[in-house]
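# Breakdown of the fold
For reference, the chains in residue letters:
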Amino acid sequence: MEFLLQQLVNGITLGGVYALVALGYTMVYGIIQLINFAHGEIYAAGGYMGVILISWLFSQGFPPAVCLGAALVLAMGYCAMLAMAVEKVAYKPLRQSSRLSVLLSALGMSIFLQNGLMLTQGVYDRAYPTEMVQGGFEFGGAVVSWMQVIIVGVTVLLLVALNLLVFKTRIGKAMRATAQDKTMSALVGINSNRIISLTFAIGAGLAAAAGIMVGLYYGSVRYDMGFVPGVKAFSAAVLGGIGNITGAMLGGLIIGMIEVLAAGYISSEYKDVFAFVILIAVLYFMPTGIMGENVDDTRV
Amino acid sequence: MTIRASKLWLGYGLAMVWFYFLLWPLMGIKPEGLEFQTSLAVWGKVAAASAVLLALYQLKQGGAFRFLEKPAQAGAEALAAVTGRVPTWLALCVVAGAAVAFPFLTERYAHDVAISVLVYIILGLGLNVVVGLAGLLDLGYIAFFGVGAYTYALMSVHFGLSFWLCLPISGCFAAIAGCIIGYPTLRMRGDYLAIVTLGFGEIVRIVINNWMSLTNGPNGILGIKAPGAYWFNKGSFEHIWLNNLEQLYFVILGLAVFTIVAVYRLNYSRIGRAFEAVREDQTAAELMGVNTLRLKLLAYALGAVFGGLAGTFFAARMKFVSPESFTFIESAMVLAMVVLGGMGSIPGVILGSLALIALPEVFRGFELYRMFVFGGVMAVMMLFRPRGLWPAKRMGVRSEEKD
Amino acid sequence: MTKATPILELKNVTSAYGRIKAISEVSLKVYPGEVVSIIGANGAGKSTTLMSICGVLKPVSGEVWYDGARIDGLAADLLPSRGLCQVPEGRRIFPRLTVEENLDMGAFFRTDKDGMEHDKNRVFQMFPILLERRKQHGGTLSGGEQQMLAMGRALMSRPKLLLLDEPSLGLAPLIVQQIFRIIQEINEVDGVTVVLVEQNANLALKSSSRGYVLETGNVVMEDDAQALLANPAIRAAYLGE
């Protein structure tokens, strides 16, 4: 029982991180129907920016809370800029090309960014200064670390902020309108290129936050850390119904939970397999996902 | 329409500022303090190189190279006239002669590279059946390579079966794996297919990595036998192992020729045309009476067979297999060959394999930058030459890409 | 009536989809306050003409002038704020936005909250059914309601020139009548200039002052609406007599 509770706590932590990454996939897919392979690398870049900034700020003598907060905000901004640059260089010129071309361009960007990280940051793990936040509390037999509390707290905050942005603001409405009908949104005066760029930036910001939190949680980052979580987060987006924001959050939570439970009760070696099996099963049995609406491309 | 010069350079300036903002935090923020020199040095090189490229582009737009056009065109015409007069069979003979003479003219290191190139040619052609002909994007193709390699490795180590017997067995196993992977993915749209095949590729690798009792996990399998042969020696046939690189070169050359002929025949067969019909317009193909589901399954299986053959040879050549050889990046590499060379085009795929395997060997000193450049080139290719270096003649738009 | 300068003028506009020419050398003028209809058979290039005006399709050659400025080559999203607005064929409601959000999107470029609120109430007055359905997704509305929503959305931008593409398509006669009454009201009360593209030539010409006839991408006739209605060739070709 205590073991289960502990697994659930860990699952929520991990699931929240997957949800943050999945949002980037789902938003970009919703608006330009592209599996943005480079998204996993943006997440990795976020993780690295986190450790770079936290280490520096810490060495300047700032208190841990300031270090964390500032690093989070700056890394999100950095990744937003990075994703906008990638979009502008590698995807925007291909807007009229076949979908395969854009997909391959995305794949190329993913390899490019991953190796760029390797070249500038080295091939070895880089340790996070996790000693900043220590300790935790016991809750019904399960140990909850303060780090987990911070991770879940920040995740919830970001998810709420995103929901407000997308469903309550004028820009959010414009984003949804552009995803549904680009020609018509141009006819009402929406600059779709700007909206697409913004979508990439928001998705990247969330991924950067996720990268930092994973770095804090596991204690280190690596240049190729983006690949597997990237695929899992995409699975989460598909599970929730691609293009659907609420679905991506739900999907991330489910995938994280399943992974932790599978690792705890079945086999930790095969935990990565479960995410892939779920992805394939979902696509086979309910290709529109749990929250899916009319994803079949009859969007008129 | 030409973009105005001032606008072009303004864009360049903005892009470079943006680029520096992205570069500096990665290189210049260190716990010891902030540092600008290394990042500025890198930035300066990139900025200068792109300025030169941009200036060349502008000169070209302005017509500065027009004086080159005439001689270039004349040269191309002369070349076409010469090559046009040489019959295809003669050209093929020259290529074949060169391929056979190759190991006698070069040394060990070159043999090694040539063997790699030929393995990748087989892989590229196999993937080309799936991606180029049938239009199904497969990001987990290397899994079949792995299935082939492990099939032979296990058969050889545990049962002592010979390489030649294992070739068809591995092919069959890979084909079965192809069907297993293919079946659930058949009804999916193009880009879902990509992610699912990627997932399958990873599953195969993870299973190989963790199934200790069968595959010995990450430690791999040692002691795989080389191909054997009977060779006329001192008045009688005796059994020898084809251990040295020259002999292995001829084995893989034979396999590659077999693959090329098979894929060529397939290209122009009834089934090949049906594949193309499915690629160009699935609905129309279905209405014409093509069984699209069965065809797609067949495409997967056929592509997988070639992957399995290449894998078998790979295991025999290395005498060792481990899961590390079958990662996603290898799948991406093979796909890049097909795309770079030209989807659906046999000479294109051969050219692509040469470019991606042999060229980096020439620039050995830049080993670290290899994948970095490769990723960038892949994106740039999509921009400037999306149909590849040697495009296939019969390629249209895939049905699902039309809006 | 002396008409000073046209609010919209097309000078020899040619547009193409890839290599296929859809309209060639189309010239037309629309004066402030008019209702002008463009009639023609299926595939004559009516919708292409509107898309070329709105900047969705860039003309291969020719000029488009609107409100004293040349607008061909401008991005489509710059035009609504200048008062040029289109209700495209098939209405193109945002299906997963609510009715109210769809209306808000019509006023995307506007920042005057009070004015927007006022205009929204005006639209609800015009089409009370939209008020009832304001929280519903656009995709769940019936065809007639969608047409009303599309027009309401266009009105939210306070257009000076409204381009309507097949507003009667697929609607019940009663609803068509209602729609056309509204078009008249917009024109007469608000002074909005209207360009009406229609296959239903009879209906279109009866509510317009002038008309253009398009045939395979060319303007073959232009005249007062009454004259066109009386023209035996037109009657034979487009009015089913």
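Residues numbered from 1 in each chain as written. Chains lettered and ligands numbered in written order. Predicted model: local features only at pLDDT ≥ 70, side-chain atom pairs only at ≥ 80, totals over all residues. Heavy atoms only, no water.

## A look at the domain arrangement of chain B
- Each assigned domain of chain B is listed with its residue range as follows: domain 1 (1-28 + 37-62) and domain 2 (108-401).
- Using only C-alpha atoms to locate each centre, domain 1 of chain B and domain 2 of chain B end up separated by 39 Å. (Domains from an automatic or database assignment.)

## A short note on unusual backbone geometry
- The phi dihedral of Gln-33 of chain A is positive, around 50 degrees, even though this residue is not glycine.
- The topology assignment puts Gln-33 of chain A in the loop between helix H1 (2-32) and helix H2 (39-59).
- On the basis of relative accessibility, which here comes to 24%, the residue Gln-33 of chain A falls in the partly exposed class.
- Phi at Asn-12 of chain C takes a positive value of approximately 50 degrees, unusual for a residue other than glycine.
- Here Asn-12 of chain C lies in strand E1 (residues 8-17).
- Assessed through its relative accessible area of 40%, Asn-12 of chain C is described here as partly exposed. (Helix = DSSP H or I, 4+ residues; strand = E, 2+ residues; numbered from the N terminus. Buried < 20%, exposed > 50% of the residue type's maximum accessible area, 1.4 Å probe, protein only.)

## What to know about the sheet that holds strand E7 (residues 161-165) of chain C
All names here are of chain C.
- Strand order in the open sheet made by the six strands is E6-E7-E8-E3-E9-E10, with mixed pairing throughout. The outermost strands of the open sheet, each flanked by one partner alone, are strand E6 (84-87) and strand E10 (218-224). Each neighbouring strand pair of the sheet contributes to a mean axis angle of 15 degrees, computed without reference to strand direction.
- The pairing of strand E3 (residues 35-40) with strand E8 (residues 193-198) spans five bridges and is classified as parallel. Across the sheet, the residue bridging to Val-35 is Val-194, located in E8.
- Sheet strands in contact with helix H5 (residues 143-155) are E6 and E7, and its direction is about 175 degrees off that of E6.
- Lying over the sheet, helix H6 (residues 173-189) contacts E3, E7 and E8, oriented at roughly 155 degrees with respect to E8. (Pairing = 2+ DSSP bridges. Axes fitted to C-alpha atoms, helices over the stretch in contact; angles between N-to-C directions. Contact = heavy atoms within 4.5 Å.)

## Thoughts on the interface of chain A and chain B
- Listed per partner, the contact involves 57 residues of chain A and 53 residues of chain B.
- Both sides together, the interface formed by chain A and chain B hides about 5000 Å², and carbon and sulfur atoms give 78% of it.
- Taken together, chain A and chain B are joined by five residue pairs in polar contact (both at pLDDT 80 or more).
- Secondary-structure elements contributing two or more residues to the side of chain A that touches chain B are H2, helix H3 (64-91), helix H4 (99-121), helix H9 (227-240) and helix H11 (271-285) of chain A.
- For the side of chain A that touches chain B, the leading source of residues is H4 of chain A, giving 18 residues.
- Considering only residue class, the side of chain A that touches chain B consists of 40 nonpolar, eleven polar and six charged. (Buried area = accessible area lost by both parts, 1.4 Å probe. Polar contact = N/O pair within 3.5 Å; in protein donor to acceptor, adjacent residues only side chain to side chain. Nonpolar A, V, L, I, M, F, W, Y, C, P; charged D, E, K, R; others polar.)

## Observations regarding the packing of helix H6 (residues 142-159) of chain B against helix H7 (residues 163-185) of chain B
Residues and elements named next belong to chain B.
- Running from N to C, H6 and H7 cross one another at 140 degrees; their axes reach a closest spacing of 8 Å. On the basis of the axis angle, H6 is oblique to H7. Note that H6 runs across H7; the crossing there is right-handed. Seen from H6, the contacting residues are Phe-144, Val-147, Gly-148, Thr-151, Tyr-152 and Met-155; seen from H7, they are Phe-163, Cys-166, Ile-169, Ser-170, Phe-173, Ala-174, Ala-177, Gly-178 and Ile-181.
- Across the contact of H6 with H7, the residue classes break down as eleven nonpolar, four polar and no charged. (Parallel < 35°, antiparallel > 145°, perpendicular 65-115°, else oblique. Left-handed = near helix turned anticlockwise from the far one by under 90°.)

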